[in-house]
Amino acid sequence: MYEKETICVHPARCPETGYGAIATPIYQSATFVHEGLDKESEYSYSRLQNPTRAALEARVAELEGGVDAIAFASGMAAEATLMNLFESNGHVIAGDDLYGGTLRLFRQVSTPAGIRFDFTDTTVPENIRMCLQPDTKAIYVETPSNPTMQVTDIAAVAKIAHAVGALLIVDNTFLSPIFQRPLELGADIVVHSGTKYLGGHNDTLAGFLVVKKQEIAEKLRYYAKTIGAGLAPFDCFLLERGIKTLAVRLEKQAVNAEKIAHWLRQRPEVRKVYYIGFTDHPGYAVTRRQCSGFGGMLSMEVDSPDTARKLLREVKLFQYAESLGGVDSLITYPMCQTHADVPEAERLKRGINDRFLRISVGIENANDLIFDLKQALEA
Ligand SMILES: *Cc1c(COP(=O)(O)O)cnc(C)c1O
């Protein structure tokens, strides 16, 4: 078994590409000719499966250490398909600091469909134990969480989940399999917004469900083919291409983020920096245990809404845009973007106020990025 950097480029199950093509061809075909009566070919119809998608899924499954991975048109498509496992009266315990779109799905779509949710601070495993009900079907966590970088102990929560026969689902978008492999720590399903680090270039949307057990993979494949939100062949090609450089991108992004986090921390205009690589981060011990890197994400609270607005206005390299994980550095205002739909009181309780900014660090030169923040703060 090779290391992750090698798997990014050479997955074990290399797809059949034909003509010796090194890059997986884009099989832009909706349907496939049957070999004969009673003799179906491997592929029949691209809603079910497509050779380009199959190659990408094999690569992602191997990187996360799952038996199977299913590629979707977006992270939200993956999550919406996943929730079908729990519909008609299941109970799910979810973190209270999730991606805004995930919260909206759970509250506005999955709840009316019959799933009962309890939201709790999953950084304290005991909170989860207190929410358990006889029909708890799953525990859903995001670690580190978006955007306040809270860390949940995956192995501890897996024990709680498995003691009652529930599944542990981990959104691994922020660290990617390069720095965190939840299935190895006891999780049953990993969720990805492939739009972020896996794609890595802010040029396409994608989502994944990676599964540890075949039985669950089969159920999810049934929902996936029935709902039909699979990733299109061209986007599969872009994701495969992106993943080849995942390890090198993340290494650079992590080094840059660490420098920027430490620099921001000593600025007088910055009140608080949320970064999992600080030794005094409350989740630092857990992070050291369950992650092999700190990733490229950080958030901060500045001293006034004016400073926040000035930064967003004056940055030249950083771009004021939603999303994260790509090669270009982005800065967002979660209050107005990713978390605009989260009720205000709840948002403020978590510190997502009008002074709170989130940064996705790219692969540019770290000093150039720091200089950009400096000139914006001093403008
Ligand atoms: C972006 C994101 C999602 C949703 O993914 P899309 O690809 O935008 O649909 C889910 N979880 C996290 C942590 C995200 O950052």
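The structure under discussion appears in the preceding block.
To keep things clear, this report deals only with the structure shown in the data block. (Residues numbered from 1 in each chain as written. Predicted model: local features only at pLDDT ≥ 70, side-chain atom pairs only at ≥ 80, totals over all residues. Heavy atoms only, no water.)

## Notes on the nonpolar core
Then step 1. Within the largest apolar cluster, 80 residues are counted, with the highest numbers of intra-cluster contacts made by Leu168 and Leu264.
Then step 2. Here this core gets 9 residues from one element, more than from any other, and that element is helix H10 (residues 246–265).
Then step 3. Taken together, domain 1 (4–243) and domain 2 (247–377) each give at least three residues to this core, which thus spans both.
Then step 4. Discounting residues that sit within four places of it in the chain, leucine 264 has contacts with Val270, Val273, Leu298, Met300, Ile359 and Leu373.
Then step 5. By size, the runner-up hydrophobic cluster in this structure holds 30 residues, among which are Val92, Leu103, Phe117 and Val191. (Core = buried A, V, L, I, M, F, W, Y, C linked by side-chain atoms within 4.5 Å. Buried < 20%, exposed > 50% of the residue type's maximum accessible area, 1.4 Å probe, protein only. Helix = DSSP H or I, 4+ residues; strand = E, 2+ residues; numbered from the N terminus. Domains from an automatic or database assignment. Contact = heavy atoms within 4.5 Å.)

## A few points about the environment of isoleucine 227
Then step 1. Secondary-structure assignment places isoleucine 227 in helix H8 (residues 214–227).
Then step 2. When the C-alpha atoms of isoleucine 227 and arginine 47 are compared, they prove to be 8.8 Å apart, with 180 residues separating the residues in sequence.
Then step 3. Aside from chain neighbours lying at most four places away, what touches isoleucine 227 is Thr81 and Asn84.

## Here's the deal with unusual backbone geometry
Then step 1. Between threonine 143 and the following residue, proline 144, the backbone shows a cis peptide bond with an omega angle of -5°.
Then step 2. Within the element layout of this structure, proline 144 appears in the loop between strand E4 (136–142) and helix H6 (154–163).
Then step 3. Cis rather than trans, the peptide bond between asparagine 146 and proline 147 has omega equal to 5°.
Then step 4. Along the chain, proline 147 turns up in the loop between E4 and H6.
Then step 5. One non-glycine residue, methionine 149, lies in positive phi territory at about 55°.
Then step 6. Structurally, methionine 149 is set in the loop between E4 and H6.
Then step 7. Positive phi, normally seen in glycine, also occurs at serine 176, with a value near 65°.
Then step 8. Mapped onto the elements, serine 176 comes out in helix H7 (residues 176–179).
Then step 9. Overall, serine 176 belongs to the buried group, its relative accessible area being 0%.

## A look at the packing of helix H2 (residues 51–64) against helix H9 (residues 233–244)
Think of two packed helices as two axes; the pair is described by the angle between the axes and how far apart they sit.
Then step 1. Direction vectors running N to C along H2 and H9 enclose 35°, while the axes themselves pass 8 Å from each other. Note on packing geometry: the crossing formed by H2 with H9 is left-handed. Where H2 abuts H9, its residues Thr52, Arg53, Ala55, Leu56, Arg59, Val60 and Leu63 lie against Pro233, Cys236, Phe237, Leu239, Glu240, Ile243 and Lys244. (Axes fitted to C-alpha atoms, helices over the stretch in contact; angles between N-to-C directions. Left-handed = near helix turned anticlockwise from the far one by under 90°.)

## Concerning the packing of aromatic side chains
The description of an aromatic ring pair uses the distance of the two centres, along with the angle that the planes make with each other.
Then step 1. Summed over the entire model, instances satisfying the criterion amount to 10 aromatic pairs.
Then step 2. Seen from their ring centres, tyrosine 222 and tyrosine 223 are 6.3 Å apart, and the 70° between their planes marks the pair as edge-to-face.
Then step 3. Ring centres of tyrosine 275 and phenylalanine 278 lie 5.2 Å apart, and the angle between their planes is 80°; on these two criteria the pair is classed as edge-to-face. Phenylalanine 278 matches tyrosine 275 in its accessibility class, with the two residues each being buried.
Then step 4. Members of the aromatic cluster, connected to one another through ring pairs, are Phe106, Phe117, Phe119 and Tyr140.
Then step 5. The cationic tip of arginine 107 hangs over the ring face of phenylalanine 119; the distance from NZ or CZ to the ring centre is 4.6 Å. (Phe/Tyr/Trp six-rings, centres within 6.5 Å; stacked < 30°, edge-to-face > 60°. Lys NZ or Arg CZ within 6 Å of the ring centre and 35° of its normal.)

All we've got here are geometric facts, nothing functional implied.
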